[in-house]
Amino acid sequence: MGYQPRTRAPKKTAREYRKAFQEKSKKIVKQSRHVARQFGEEKTVLPQQQVFEITLKRLHTLGNQKFGSSPFSEHFDRWLRTVETVLDEFKIQSDIKVDEQFTKECKQILETIKLQFETYRQQEISLEIQINSLSGTKKCLEQVNKEYQVKSLVLREQKTAMLRQLSKELEVLKEEQNQIVKLKTGFFRGISKKEREQRENFAVQKYIDKQQEFEVKTIEFKEKQKQFREEFECKREFLLEDLKSLKRYTKEIEEDYSLEERWFTCESLKDVLNNFLQRKKE
């Protein structure tokens, strides 16, 4: 039997080597990703006790969460969705099978806080309406004070002008009386005693009348000022009461009354979780 040389396989081209290398690399990467995905999935499966602790901690955080500013009702739905998400993530754990009691108790607690949220929302709307209706109270009070100052000044100027005029008229009448006295003492001749007495009586009566007018005008202005002040105080007192109400409503709307209810809700849910864990151990 003669010698037969071994046949060699034809050499691959560089292109064929590159293609084979790329296919092998893709296969390795695919296998690596599959292993990593399996590892990740296994990593998310946590022990029951750890799942309980994480859920309790999240509920504790939500129970103490403070909303930034009013209107606080804008945060209610978001907060409630977050609580529901925490419970859903707890229930979907592969080795945790919640019972009917757990589901029923959680549902009842959530329904209660929803109703409470609606009450708070209506209260907030009512407070906003009150605040809007009283928003111009400060400006009204400033306007009333300004009007009072202006009218008081005008009234005082009128009083001063009128009393000054009456004072001048009294001075003129007083001078007339002095002239009559001179007639009586004999400085002026040719006037009968009867005429002098008539002039004197007339001058005295005019002076008395003018003096009475002065006193009446003084009293009238005092009454006018008193009435004006009472009207101003009435308006001012009314506006001050509105201002107190405005401050009270503003203080109320800036206080988050839902915080206590939200804390109580999360504490109740934590109790439900603890009771469920106890049942599972039994």
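Described below are features of the structure shown in this document. Predicted, not measured: the structure shown is a model, and the values here were computed from it.

### Brief notes about the packing of helix 4 (residues 100–133) against helix 7 (residues 258–281)
It is the contact of helix 4 with helix 7, at a shortest axis distance of 10 Å, that shows an interaxial angle of 180°. When the axes of helix 4 and helix 7 are compared, the pair comes out roughly antiparallel. Between helix 4 and helix 7, the residues in contact are Gln-101, Phe-102, Glu-105, Cys-106, Ile-109, Leu-110, Ile-113, Gln-116, Phe-117 and Tyr-120 and Ser-258, Glu-261, Arg-262, Thr-265, Ser-268, Leu-269, Val-272, Leu-273, Phe-276 and Arg-279, respectively. The residue makeup of the contact of helix 4 with helix 7, split by class, is 11 nonpolar, five polar and four charged.

### A word on the side chain of Ser-258
Secondary-structure assignment places Ser-258 in helix 7. Ser-258 has contacts with Phe-67, Phe-76, Phe-117 and Tyr-120, leaving out every residue within four places of it along the chain.

### With respect to the environment of Phe-232
Locating Phe-232 in the fold gives a position in helix 6 (residues 193–253). Among the residues examined, Phe-232 registers a relative accessible area of 9% and is labelled buried. On a C-alpha basis, the gap between Phe-232 and Tyr-148 in space is 6.8 Å, while along the polypeptide they are 84 residues apart. What Phe-232 contacts, discounting residues up to four positions off in sequence, is Val-144, Asn-145 and Tyr-148.

### What to know about the pattern of salt bridges
Scanning the model with the defined rule gives 12 salt bridges in all. Note that Glu-84 and Lys-114 form a salt bridge whose closest N and O atoms lie 3.8 Å from each other. Of this pair, Glu-84 sits in helix 3 (residues 76–91) while Lys-114 sits in helix 4, and the two are 30 residues apart along the sequence. On the basis of relative accessibility, which here comes to 26%, the residue Glu-84 falls in the partly exposed class. Exposure remark for Lys-114: the relative accessible area of 33% places this residue in the partly exposed category. Across the pair Glu-220 and Lys-217 runs a salt bridge, and its minimum N-O distance is 3.9 Å. Of this pair, Glu-220 and Lys-217 both sit in helix 6, three residues apart, roughly one helical turn. With relative accessibility at 45%, the residue Glu-220 sits in the partly exposed group. Three or more residues are tied together by salt bridges with common partners; here these are Asp-77, Glu-118 and Arg-121.

Reading the values: rules and limits
- Residues numbered from 1 in each chain as written.
- Predicted model: local features only at pLDDT ≥ 70, side-chain atom pairs only at ≥ 80, totals over all residues.
- Heavy atoms only, no water.
- Axes fitted to C-alpha atoms, helices over the stretch in contact; angles between N-to-C directions.
- Helix = DSSP H or I, 4+ residues; strand = E, 2+ residues; numbered from the N terminus.
- Parallel < 35°, antiparallel > 145°, perpendicular 65-115°, else oblique.
- Contact = heavy atoms within 4.5 Å.
- Nonpolar A, V, L, I, M, F, W, Y, C, P; charged D, E, K, R; others polar.
- Buried < 20%, exposed > 50% of the residue type's maximum accessible area, 1.4 Å probe, protein only.
- Salt bridge = Lys/Arg side-chain N within 4 Å of Asp/Glu carboxyl O.

Everything listed is a geometric property; what it means functionally is a separate question.
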